[in-house]
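Each chain, written out:
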Amino acid sequence: MTEKSMSSIELSSRDAKWDNVKCLLIFCVVIGHVLYRYIDNDHNARSIYFLIYTFHMPVFIFLSGMFSKKGIQNRQYYKILFYIMVYFVMKLLQAFAESLGSGEMSFRFFWESGPGWYALAMAVYYFLSFLIEQYLEGYDKKKLFLLSMVIGIFWGFDGHMGDHFCSARILNFYPFFVLGNCFESKQLICHMRERQNKLISVIILSVVGWISFSKVDKVYWMLKLLKGKYPFEDMGINDWSGAAVRLAYYFATLIIGWAVMTLIPEKETFFSYVGKRTLPIFIWHTFIIILILDVFNGQEIFQRAWPLHYVPGFIMFACVIVLVCSMSLFEKSVQCLVRICQVQTNI
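Residues numbered from 1 in each chain as written. Predicted model: local features only at pLDDT ≥ 70, side-chain atom pairs only at ≥ 80, totals over all residues. Heavy atoms only, no water.

**As for the overall build of the protein chain**
Thinking step 1. Secondary structure summary: the protein chain contains 18 helices and 0 strands in total.
Thinking step 2. Taken against the 2.2 N^0.38 rule, which gives 20 Å for 347 residues, the C-alpha radius of gyration of the protein chain at 20 Å falls within 12% of a compact globule.
Thinking step 3. Principal-axis analysis of the C-alpha atoms places the extent of the protein chain at approximately 60 × 50 × 45 Å.
Thinking step 4. Restricting the contact set of the protein chain to residue pairs at least 6 apart, pairs at least 24 apart contribute 84%.
Thinking step 5. Entry remark: accessible area of the protein chain is about 16,600 Å², with carbon and sulfur atoms responsible for 64%.
Thinking step 6. Here the protein chain holds 32 positive side-chain charges and 25 negative ones, and the gap between their average locations is 6 Å. (Helix = DSSP H or I, 4+ residues; strand = E, 2+ residues; numbered from the N terminus. Rg over C-alpha atoms; globule rule 2.2 N^0.38 Å. Contact = heavy atoms within 4.5 Å. Areas by Shrake-Rupley, 256 points an atom, 1.4 Å probe, with all protein chains shown as cover. Lys, Arg positive; Asp, Glu negative; His and termini not counted. Charge placed at Lys NZ, Arg CZ, Asp CG, Glu CD.)

**Considerations on the confidence of the model for the protein chain**
Thinking step 1. In the predicted model, the protein chain carries a mean pLDDT of 90, and the fraction of residues at 70 or more is 95%.
Thinking step 2. Between residues 1-12, whose pLDDT stays under 50, and residues either more than four places distant or in other chains, the model counts 45 contacts. (pLDDT = per-residue confidence, 0-100.)

**A short note on the packing of aromatic side chains**
Centre-to-centre distance and the angle between the planes together describe a pair of aromatic rings.
Thinking step 1. Applying the stated criterion to the full structure yields 36 aromatic pairs.
Thinking step 2. Measuring from ring centre to ring centre gives 5.6 Å for F154 and W240, while their planes differ by 70°; the resulting arrangement is edge-to-face. With F154 in helix α7 (residues 141-154) and W240 in the loop between α12 (223-227) and α13 (241-263), the pair connects residues that are 86 residues apart, well separated along the chain.
Thinking step 3. Using a relative accessible area of 38% as the deciding quantity, one classes F154 as partly exposed.
Thinking step 4. Here F157 and W240 contribute two aromatic rings whose centre-to-centre distance is 5.0 Å and whose plane-to-plane angle is 55°, an arrangement assigned as tilted. Of the two residues, F157 is situated in the loop between α7 and α8 (167-181) and W240 in the loop between α12 and α13; the sequence distance between them amounts to 83 residues.
Thinking step 5. On the basis of relative accessible area, W240 is assigned to the exposed category, the value being 60%.
Thinking step 6. Here the aromatic residues F60, W117, Y118, F173, F176, Y249, Y250 and F282 are joined through ring pairs into a cluster of three or more. (Phe/Tyr/Trp six-rings, centres within 6.5 Å; stacked < 30°, edge-to-face > 60°. Buried < 20%, exposed > 50% of the residue type's maximum accessible area, 1.4 Å probe, protein only.)

**Brief notes about the environment of R75**
Thinking step 1. Mapped onto the secondary structure, R75 falls in the loop between α4 (69-73) and α5 (78-102).
Thinking step 2. Considered as a pair, R75 and V260 are 185 residues apart in the sequence and their alpha carbons are 32 Å apart.
Thinking step 3. With sequence-adjacent residues up to four places away left out, R75 is seen in contact with F130, E133 and Q134.

**Here we look at empty space enclosed by the protein**
Thinking step 1. For the structure on display, the rule yields 1 cavity of 30 Å³ or more.
Thinking step 2. Put simply, the largest cavity is a space of about 60 Å³.
Thinking step 3. Lining the largest cavity we find Y87, M90, K91, L93, Q94, E112, G116, I283, T286 and F287.
Thinking step 4. Of all the secondary structure elements, the ones that give two or more residues to the lining of the largest cavity are α5 and α15 (278-295).
Thinking step 5. With 5 residues, the single largest contributor to the lining of the largest cavity is α5.
Thinking step 6. Of the residues assigned to the lining of the largest cavity, the class counts are 5 nonpolar, 3 polar and 2 charged. (1 Å grid on protein atoms, 1.4 Å probe; cavity = no way out; pocket = protein on both sides within 12 Å on 5 of 7 lines; lining within 4 Å. Points joined across faces, edges and corners; volume = space filled by probe spheres on them. Nonpolar A, V, L, I, M, F, W, Y, C, P; charged D, E, K, R; others polar.)

**Structural notes on the environment of Y38**
Thinking step 1. Following the sequence through the fold, Y38 ends up in the loop between α1 (16-35) and α2 (43-53).
Thinking step 2. Along the primary structure Y38 and F55 are separated by 17 residues, whereas in three dimensions their C-alpha atoms are 20 Å apart.
Thinking step 3. The residues touching Y38, leaving out its near neighbours within four places in the chain, are A45, Q299, Q303, Y310 and F314.

Shown next as C-alpha cells:
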C-alpha cells in the first residue's frame with residue numbers, strides 16, 4: 001500500500017473539517033515552541049502559551065486515535081517503524097542545529113523533553129493497539145478507555161518517570177488516543193453541527209480565554225499538569241488529591257478540546273491544505289526555529305526590530321515557519337520515510 005501524503009493523522013475519506021482542526025493545532029505547536037522563550041518575561045506570551053496547552057496535544061492525539069482504526073485493522077505494522085524513524089530524524093536535526101551554535105553535537109536518545117515525544121508516543125500507541133487487536137479480539141473499547149484513565153491518573157504517584165523514554169507523557173495522553181479510537185469522524189461532525197453545541201462552545205472558550213489572559217498568574221501552576229510529564233510531587237500535590245486533580249484535568253481538557261473542534265469550520269480552504277501536511281511541519285519546525293533564532297541570532301534581531309511588539313512578531317514568524325514547512329519539498333521527505341518503512345516491514 002502506498003501513501004501520497006502521510007500526516008500524523010490519516011483520513012480514509014477526508015473531511016475538510018479535520019484538516020482545518022489539524023491546521024489550527026500545528027500552528028499552536030509551532031507558536032508554543034517559539035513563545036516558550038518569553039513566557040517568563042512577557043504576560044501575553046505566558047497567556048497564549050497557557051491557552052495553547054489547554055487543548056492542543058490532547059486534541060491532536062484524540063484525532064490520531066480516531067483515524068488510526070484503518071491502519072490498525074489492516075495491520076500496517078510499518079507505522080511503528082515510521083514513527084520511531086520520525087523521532088530519530090527529529091532528534092538528529094535538533095542536535096545538528098544546536099551544534100552549529102555551540103560547536104558540539106550531543107544528544108540523548110529516548111530521553112526526550114522536546115516535541116519528539118509525540119512520535120515515540122505514537123509508535124507505542126500503535127504497538128499496543130496491534131497487540132490488543134490481535135490477542136483481545138472483540139475487546140470493549142470503553143473499558144480500555146477507563147483502564148487507560150486509571151493508569152493515566154496513577155502514574156502521577158511515581159516520581160521516576162518524566163522524560164525517560166517519554167514514559168510519563170505516553171501514559172498521560174494514552175486515554176485521548178483510546179477515546180479517539182471509540183469515535184467515528186462523521187458521527188462526531190453531525191453532533192458538532194448542532195447550534196446549541198456551537199453556542200456552548202463559544203461560552204466555554206470565552207471563559208477559558210478570559211482565565212488565560214486575566215488570571216494566568218493564578219492558574220499558571222496548572223501548566224505542569226497540562227504538559228503531562230510531571231508527577232504529583234513536582235506540582236506540590238503529595239496526597240490523593242493529586243488523583244482528583246488529574247481526573248479533573250482529563251474532563252476539562254476533553255471539554256475544551258470538544259469546544260475547539262466544534263467551532264472549526266467544515267469548508268475546505270487554504271488552511272485545509274496546511275492541515276494535510278502537519279507531519280512535515282512537525283518534523284522540521286524545531287530545526288528551523290533553532291537555526292534562525294539561535295544560530296543566526298534571530299531572537300535578538302527580532303526583539304530590536306519590535307521592542308514593544310515582539311510577541312506578535314514572533315507569532316508571525318511561527319506562522320511563516322508553518323507555511324514554509326508545508327511546501328512540497330518537506331512533504332517529500334515524509335513520503336520517503338514512509339516508503340523506506342514499508343519496504344523494511346515487507347522484507
